[in-house]
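Below, each chain spelled out in residue letters.
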Amino acid sequence: LSNTREVEAAQGMLGGVMLLGAQADETGFKRNAGNAAVLHLAMHTVMDEAEPLRTALAFGRSDSTDDGLLNMYELFGMDLHAQLALLSACNTGAGPMLNGEGIMSMARAFQYTGCPSVVMNLWACDDEASGTIIAALCERIRSGDELDDALREAKLEHLRASDPAKAHPFYWSTLVLMGDERAIDLSRPWYRNPWMWAGAASLVVLIGWSFLRKRFQ
């Protein structure tokens, strides 16, 4: 329930496609992820310390195409264009330390796909506290705050509003920003706009036609 409220709050502030319940499957994520400016996943992580590439985000249901587990090795094969990935799941910044590789985490996999900024959880998080912080973070992202400032202020807001039991660092310090700290642009990337491509093609044709006219005059 807390995950649902978190996703609804984030979608209300940032817009985009929201997948809940039966729609929240691995196939739906793969179909929509390439067009997103922000990826927000509020779910569970299935850790595999022995084979870290099999660590996965669990969608909870399978279909005829996918098994419902978005494995790390699948992410390494995807080409995403999101400016930010909000990984509101447990242990998304955790994983085994491999010699010559570093920490093999889900957050690292999202950066590999092309996401310059990732907000991750370093340990098993409290759903309610993380959801409150993520919602406040999204509000500040919409306002144009830089990501590091936005996350810090979202945590402070949680501390001001929470009861003393939820003020312990366990509840709020698990969320960490990795990567680019700059504010993100929520507008649609120009390379995803077909009219921009049509305009660019028309410009190339006009330049080419002008060049040919001058050459053969």
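What this report covers is the structure whose coordinates are included nearby. (Residues numbered from 1 in each chain as written. Predicted model: local features only at pLDDT ≥ 70, side-chain atom pairs only at ≥ 80, totals over all residues. Heavy atoms only, no water.)

So, about the environment of Arg-61. Locating Arg-61 in the fold gives a position in the loop between strand E3 (56-58) and strand E4 (69-71). Sequence-wise, Arg-61 and Ala-22 are 39 residues apart; in three dimensions their C-alpha atoms are separated by 7.9 Å. Beyond its immediate sequence surroundings of up to four residues, Arg-61 is in contact with Gly-21, Ala-22, Ala-24, Asp-25, Asp-67 and Gly-68. (Helix = DSSP H or I, 4+ residues; strand = E, 2+ residues; numbered from the N terminus. Contact = heavy atoms within 4.5 Å.)

A separate point is the pairing of strand E8 (residues 117-121). Taken across its 5 residues, E8 has 5 buried, putting it largely inside the fold. Going residue by residue along E8, you find Ser-117, Val-119 and Asn-121 tucked away on one face and Val-118 and Met-120 tucked away on the opposite face as well. Looking at chain direction, strand E5 (residues 84-88) and E8 are connected through 3 bridges and run parallel. Bridge pairing in E8 places Leu-84 opposite Ser-117. Pairing of E8 with strand E9 (residues 175-179), which is carried by 5 bridges, proceeds in the antiparallel orientation. Across the sheet, Met-120 pairs through a bridge with Val-176, a residue of E9. (Buried < 20%, exposed > 50% of the residue type's maximum accessible area, 1.4 Å probe, protein only. Pairing = 2+ DSSP bridges.)

Bringing the sheet that holds strand E2 (residues 44-46) into the picture now. Judged by pairing direction, the sheet is antiparallel, and its 3 strands sit side by side in the order E2-E3-E4 without closing on themselves. Strands with a single pairing partner mark the edges of an open sheet, and in this sheet they are E2 and E4. The average undirected angle you get between the axes of adjacent strands in this sheet is 30°. Both E2 and E3 contribute to a ladder of 3 bridges, which runs antiparallel. (Axes fitted to C-alpha atoms, helices over the stretch in contact; angles between N-to-C directions.)

Turning our eyes to something else, we now look at helix H4 (residues 106-113). Regarding H4, the residues found buried are Met-106, Ala-107, Ala-109, Phe-110 and Thr-113. The buried residues of H4 occupy one face: seen down the axis, they fall within an arc of 160°. In the segment just after H4, Gly-114 is the residue with positive phi, at about 120°. (Arc of directions from axis to C-beta.)

Right, let's talk about the sheet that holds E9 for a bit. Pairing within the open sheet is mixed, and its 4 strands lie in the order E1-E5-E8-E9. Looking at the sheet topology across the chains shown, the edges are occupied by strand E1 (38-42) and E9. When the angles between neighbouring strand axes are averaged without regard to direction, this sheet yields 15°.

As a further point, take the side chain of Glu-74. Relative to the helices and strands, Glu-74 is located in helix H3 (residues 72-75). The exposure class assigned to Glu-74 is buried, which follows from its relative accessible area of 17%. Separated by 2.7 Å, the side chains of Glu-74 and Lys-30 make a polar contact. If we ignore the near neighbours within four places in the chain, the residues touching Glu-74 are Glu-26, Lys-30, Asp-66 and Leu-69. (Polar contact = N/O pair within 3.5 Å; in protein donor to acceptor, adjacent residues only side chain to side chain.)

Shape descriptors only; they carry no functional weight alone.
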